[in-house]
Structures are given as structure tokens and as C-alpha cells.
Amino acid sequence: MIAGGLYHMGRGVNKNLQTAKEYFGKGCAAGEPKSCTFFLKFGVDCNSASDCENQGEKIFGIFRGSTCKGALEYYERACDKYNSAKGCYDVATCYKFDKSIANQSKAKKYYSKACKKGHSPACVYLQMK
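Please read all numbers here as calculations on a predicted model, not as lab measurements.

S.K.: Give me the pattern of salt bridges: which residues, what numbers.
M.R.: In the structure shown here, the tally under the stated rule is 4 salt bridges. For glutamate 57, the salt bridge is made with lysine 86, and the minimal N-O distance between the two is 3.5 Å. Within this pair, whereas glutamate 57 is found in helix H3 (residues 49-62), its partner lysine 86 is found in helix H5 (residues 85-97), the two being separated by 29 residues in sequence. On the basis of relative accessibility, which here comes to 35%, the residue lysine 86 falls in the partly exposed class. Where lysine 113 meets aspartate 80, a salt bridge forms, and the shortest distance between an N and an O atom there is 2.8 Å. Of this pair, lysine 113 sits in helix H6 (residues 104-116) while aspartate 80 sits in helix H4 (residues 71-80), and the two are 33 residues apart along the sequence. With relative accessibility at 39%, the residue aspartate 80 sits in the partly exposed group.

See the structure below:
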């Protein structure tokens, strides 16, 4: 690595955000959490419910399932933009169990959305309350 580490990253080359995003995405896909953190700064980019869900799962797995950091944005897009029952369920589960963002009223709201879209585990959870 160049002396000074990340401080010198990108010096001497033309700025190309698309290329940077591509390489951070590759690092993230390879399981590098710091690459995921930088990649997520470019914003959520997915084109379908399943694409959003898959991206969320990938990022959730890279952070070893200990936090919904980054994955939540993908799950929310799957739910809210693409009307995915699974996406809504995943959002609810993040709000229910991730201590860093815990919000029981949001969890209930998203479990309810998932149930209305036919996601039976969400319906079971709502009946238990």
C-alpha cells in the first residue's frame, strides 16, 4: 500500500465514481465489510424485488448477520417500491431483532404489510401478539 494508506487513494487518476462503485461492489461481494460500507454510500441500486432482496441478504451475510446495516435499505426498497412480501418481512425482522435500530411499532407495521401480501410467517407472528 502507498505510504499514508487510504489518504492517498485516488490521487493521480481521474475521478470516476462509476468505476469506484463497481470496485467497492466487487469487494463487498467478496465479503469485505469496509468495501460494503463504501459501496452503500453510493445508494441502493436494484431493479426488482428479488434483486433488492438478494443484495440485502448478501450484505447482511457479509456483516455476519449481526446487524441489518446496509441491508435494511434494500429490504425497504423490495417492500415499498416492488411490493415484496418477503422484503416487508425482512424489514420487520430487522426492526424487531437488530438492537441498533429496534423499533417495535415499525416491526409491527412491516409484519402487517407482509401478512397482507400473503407472507404466512408474518401473519403467524402477528397472531402471537
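There's plenty left to go through after this.
S.K.: Which residues make up the nonpolar core, and what are the values?
M.R.: Within the largest apolar cluster, 16 residues are counted, with the highest numbers of intra-cluster contacts made by Leu72, Val91, Tyr95, Tyr110 and Tyr111. Breaking this core down by element, the ones donating at least two residues are H4, H5, H6 and helix H7 (120-128). Judged by nonpolar contacts, the second largest core, of 13 residues, contains Cys52, Ile62, Phe63 and Tyr74.

S.K.: Outline the state of the cysteines, listing residues and values.
M.R.: All chains considered together, the criterion is met by 4 disulfides. Residue pairing for cysteine 68: its cysteine sulfur links by disulfide to cysteine 94, the two sulfurs lying 2.1 Å apart. Because the torsion about its S-S bond is -95 degrees, the bridge between cysteine 68 and cysteine 94 counts as left-handed. Taken as a pair, cysteine 68 in the loop between H3 and H4 and cysteine 94 in helix H5 lie far apart in primary sequence, 26 residues in all.

S.K.: Residues and numbers for the environment of lysine 58, please.
M.R.: Looking at the secondary structure, you find lysine 58 in helix H3. Relative accessible area serves as the criterion here: at 36%, lysine 58 is assigned to the partly exposed category. Here the alpha-carbon distance between lysine 58 and alanine 30, two residues 28 residues apart in the chain, equals 9.8 Å.

Conventions used here
Residues numbered from 1 in each chain as written. Predicted model: local features only at pLDDT ≥ 70, side-chain atom pairs only at ≥ 80, totals over all residues. Heavy atoms only, no water. Salt bridge = Lys/Arg side-chain N within 4 Å of Asp/Glu carboxyl O. Helix = DSSP H or I, 4+ residues; strand = E, 2+ residues; numbered from the N terminus. Buried < 20%, exposed > 50% of the residue type's maximum accessible area, 1.4 Å probe, protein only. Core = buried A, V, L, I, M, F, W, Y, C linked by side-chain atoms within 4.5 Å. Disulfide = S-S within 2.5 Å.

Honestly, that's just the spatial picture; any functional story needs more than this.
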